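# Structural overview
Residue-level listing of the chains:
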Amino acid sequence: MESQLALMDQSFNSRYSSLVREALDDLPDSFTITDPCISGHPIVFASREFLKISHYSKDEVIGRNARMFQGPETNRKSVMEIREAIREERTIQLSLLNYRKDGTPFWMLFHLSPVFSMEDGRVIHFVAVQLPIARKSKGFTSGFGRNDCNFGEAGSRLPEIVFGSCRKEVCMDSVKQSVPLWTRGSFQNLDNRGLEVEESCEASALEKQKAATSINNILSVLTHYSELAGKLVCGKSCNLSGTNSLGSSLIVSLGRIKQSFVLTDPQSPDMPIVYANDAFLKLTGYARHEVLGKNCRFLNGPDTDAKVICQIRESIQTEQACTVCILNYRKDESSFWNHLHISPVRNASGKIAFYVGVQIEEGCKNGWGRGLRPEMRQLGVVGAVKVAVRSLSMGAGPSKS
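These numbers were taken from a predicted model, which means no experiment stands behind them.

Quick notes on the rules
Residues numbered from 1 in each chain as written. Predicted model: local features only at pLDDT ≥ 70, side-chain atom pairs only at ≥ 80, totals over all residues. Heavy atoms only, no water. Pairing = 2+ DSSP bridges. Helix = DSSP H or I, 4+ residues; strand = E, 2+ residues; numbered from the N terminus. Axes fitted to C-alpha atoms, helices over the stretch in contact; angles between N-to-C directions. Contact = heavy atoms within 4.5 Å. Buried < 20%, exposed > 50% of the residue type's maximum accessible area, 1.4 Å probe, protein only. Polar contact = N/O pair within 3.5 Å; in protein donor to acceptor, adjacent residues only side chain to side chain. Core = buried A, V, L, I, M, F, W, Y, C linked by side-chain atoms within 4.5 Å.

## A few points about the sheet that holds strand β9 (residues 322–329)
Read from one edge to the other, the open sheet built from five strands follows the order β8-β7-β11-β10-β9, with strand pairing classed as antiparallel. The strands lining the two open edges of the sheet, one partner per strand, are β8 (273–276) and β9. Across the sheet, the axes of successive neighbouring strands diverge by a mean angle of 30°, strand direction being ignored. Relative to strand β11 (residues 352–361), strand β7 (residues 261–264) runs antiparallel, the two sharing four bridges. Its bridge partner being in β11, leucine 263 is matched across the sheet by valine 356. Taken strand by strand, helix α10 (residues 306–317) contacts β9, β10 (335–346) and β11, and its axis lies near 135° from that of β9.

## Points about the environment of alanine 229
Tracing the backbone through its elements, the reader meets alanine 229 in the loop between α6 (205–228) and β6 (233–234). A sequence separation of 212 residues divides alanine 229 from serine 17, and the C-alpha atoms of the two residues are 5.0 Å apart. Not counting residues within four places of it along the chain, the set of residues in contact with alanine 229 comprises Arg15, Tyr16 and Ser17.

## Regarding unusual backbone geometry
Phi angles above zero are rare outside glycine, and histidine 55 is one such case at about 70°. Counting through the fold element by element, histidine 55 comes out in the loop between α3 (48–54) and α4 (58–61). The exposure class of histidine 55 is partly exposed, given its relative accessible area of 42%. If you check the backbone angles, methionine 271 has positive phi at about 45° while not being a glycine.

## Examining the environment of asparagine 300
Here asparagine 300 is to be found in the loop between α9 (288–291) and α10. On the basis of relative accessibility, which here comes to 25%, the residue asparagine 300 falls in the partly exposed class. On a C-alpha basis, the gap between asparagine 300 and leucine 327 in space is 7.2 Å, while along the polypeptide they are 27 residues apart. Leave out the neighbours within four places in its chain, and asparagine 300 touches Ile309, Ile326, Asn328 and Tyr329. For asparagine 300, the side chain forms a polar contact with the side chain of asparagine 328, separated by 3.2 Å.

## Things to note about the nonpolar core
Formed by 41 residues in total, the largest nonpolar core has its most connected members in Tyr16, Leu24, Ile33 and Leu222. With seven residues, the top contributor of residues to this core is α6. Those residues in contact with isoleucine 33 that lie beyond four places of it in its chain are Phe12, Leu24, Pro42, Ile43, Val44, Phe45, His125, Phe126, Val127 and Leu222. In terms of nonpolar packing, the next biggest core, distinct from the first, is built from 19 residues, Leu263, Val274, Tyr275 and Val358 among them.

Function-wise, these values are silent; they only describe arrangement.
Put into structure tokens, the structure is as follows:
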């Protein structure tokens, strides 16, 4: 549990200055921030207004997936639309029926927007504004007026399920207490007396504009405090020239691979690097922004064998894998012998989506893959990359900017 909470803190501490939480708490908006790079895509920040509306405490929300607010009458199609927007790393705005902690449903305008890192162009967070939709309440059409609902001992009706006319409204012959969370599913077993359901609830133009304004205000705060931390973020896709957006799900999968490797895009001019993992950056001494968008030849130097370079080019032209030993150079100009394996990576349709280059420094004894021959370690990396790419292409596929 402590390690999970540490991940939540790191999600913010690694990107923004320490004052960002206080600044976000000062905003009057109802919103959450989630991190798609952490397993389970958990909530890492929840605003005071959101906690007030949902009746949850901060500790009950942080670290949980936002599906915790859904219930039996939440539209599955809307949920799938949100998931699709997350996969494609794009903004979405729709009406959604969510549930408070006590089980009462409420309609809200849900506005989701990605937050991109300007360092490598990947999505690091999603901001979700959740604006309750206000409507004039109306009476029941099944013969029971709203005033026909019996009151409990304390004189209160079923806890404010009637937030608006587009909400499910429930009256029972006798209500003694607030309906708890675990009884949500039991609503479907009632005899439908005094039950009114509207399938959807449309927000007004003013509410839609208010949600969009809230998103802009939140992004402004995040941008400001990321700049103070020296790791600028932005609200629009800001991929570096010559790179593809790989999508957060693919980046998370690739991030689990410990051996040094890069992915290059054969569909773009000069086959630029579109992904470089941390082990590659450590091996070469370069920062990520110095690598992305470049051809791998930037590692070559005055004593790199031209015959080996021709061998690599030939394997790419024939769409074949190859293994070579090549003299490469780090950022500090020191040289190292690179036991390099290059292989095409095909998507689910059989088309080459990337080339993967796996690097092992000759004579280097690191902990990853200890006991395995270099060839086996490299084939293991290639296999893991192929599984990740094919899984993505069988789903939503890489996002399009």
